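Chain by chain, the residues:
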Amino acid sequence: EAAVTQSPRNKVAVTGGKVTLSCNQTNNHNNMYWYRQDTGHGLRLIHYSYGAGSTEKGDIPDGYKASRPSQENFSLILELATPSQTSVYFCASGDPGTANSDYTFGSGTRLLVI
Amino acid sequence: GDSVIQMQGQVTLSENDFLFINCTYSTTGYPTLFWYVQYSGEGPQLLLQVTTANNKGSSRGFEATYDKGTTSFHLQKTSVQEIDSAVYYCAMIASSGSWQLIFGSGTQLTVMP
């Protein structure tokens with residue numbers, strides 16, 4: 001079954017440390033997305049990608065980098081983690097503009113920065 | 001710019017009550033509209049899609065109708081059950097060409113037995 005898998009499921013990081021969140025999709029979708037979810041804000045887009053080698057800034061990219069080394073993998077990188085980046089992060093894949101244009105989400109990564 | 005507005009942060013109902021969640025959007029062109037549902041501990045999953053071609057979407061007893069005049073696509077269900085308790089998000093694919101899926105702020109639905 002096609003899926004989006006995120007790792008780790010939970011992460012505790014120290015302020016100033018580097019954090020990498022990983023996402024793998026077996027949907028063969030071109031587009032992949034990273035969102036963060038906070039109470040009162042819903043899901044906000046951080047970075048997205050149109051395909052291998054491509055990364056684009058979303059609505060709240062500051063403090064985050066992204067990497068898309070292949071069709072299947074899309075990583076979110078926090079070079080210098082801060083407590084304000086404590087959140088739940090979701091990865092998604094999708095092919096908008098096609099007949100089946102919904103997005104498939106992973107189960108999320110809960111990040112705590114102390 | 002593109003935006004999606006959900007005003008109801010929390011809704012509490014009893015089983016068999018009628019559900020109505022309000023959602024409005026702002027964009028140019030003809031958007032693709034969705035309702036997603038998120039159960040505790042899981043990622044959002046597609047509930048239904050509304051296209052401008054047919055103006056309606058339905059799934060699992062839920063229905064949404066797109067109204068271009070009022071730029072709305074409200075979610076409704078005639079008779080909710082306890083298992084419907086979840087967070088519901090309206091969402092829109094931006095018409096700007098970036099293919100961003102823009103979410104509303106979500107509505108926490110609690111259905112009491």
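In short, a report on the structure.

Rules used in this analysis
Residues numbered from 1 in each chain as written. Chains lettered and ligands numbered in written order. Predicted model: local features only at pLDDT ≥ 70, side-chain atom pairs only at ≥ 80, totals over all residues. Heavy atoms only, no water. Pairing = 2+ DSSP bridges. Helix = DSSP H or I, 4+ residues; strand = E, 2+ residues; numbered from the N terminus. Core = buried A, V, L, I, M, F, W, Y, C linked by side-chain atoms within 4.5 Å. Buried < 20%, exposed > 50% of the residue type's maximum accessible area, 1.4 Å probe, protein only. Contact = heavy atoms within 4.5 Å. Buried area = accessible area lost by both parts, 1.4 Å probe. Salt bridge = Lys/Arg side-chain N within 4 Å of Asp/Glu carboxyl O. Polar contact = N/O pair within 3.5 Å; in protein donor to acceptor, adjacent residues only side chain to side chain.

Residues and elements named next belong to chain B. Inspection of the sheet shows strand β5 (residues 32-38) paired to strand β6 (residues 45-50) by five bridges, in the antiparallel sense. Along β6, the bridge assignment pairs L33 with V50. Hairpin remark: β5 followed by β6, antiparallel, with six residues in the connecting loop; positive phi at G41, about 80 degrees.

Residue and element names in this part refer to chain B. With 27 residues, the main nonpolar core has L19, W35, L47, L48, L75 and Y88 as its most contacted residues. Among the elements of the structure, β2 (10-14), β3 (19-21), β5, β6, β8 (62-67), β9 (72-77), β10 (86-93) and β12 (107-112) are those that each provide at least two residues to this core. Per element, the largest residue contribution to this core is four residues, and it comes from β10. Discounting residues that sit within four places of it in the chain, Y88 has contacts with Q6, I21, W35, Y36, V37, L47, F62, L75, G106, T107 and L109.

On to the interface of chain B and chain A. In this assembly, 20 residues from chain B lie in contact with 22 residues from chain A. Where chain B abuts chain A, roughly 1600 Å² becomes buried across the two surfaces, and 55% of that area is made up of carbon and sulfur atoms. Three residues stand out in chain B for area buried against chain A, namely W99, Q100 and F103 of chain B, and they jointly supply 31% of the buried area on that side. Linking chain B to chain A there are zero salt bridges. In this assembly, chain B and chain A are joined by five residue pairs in polar contact (both at pLDDT 80 or more). Of all the secondary-structure elements, those providing two or more residues to the side of chain B that touches chain A are β5, β6, β10 and β11 (101-103) of chain B. Examining the composition of the side of chain B that touches chain A, we find that four residues originate from one element, β5 of chain B, more than from any other.

The values reported here are purely geometric and, on their own, carry no functional implication.
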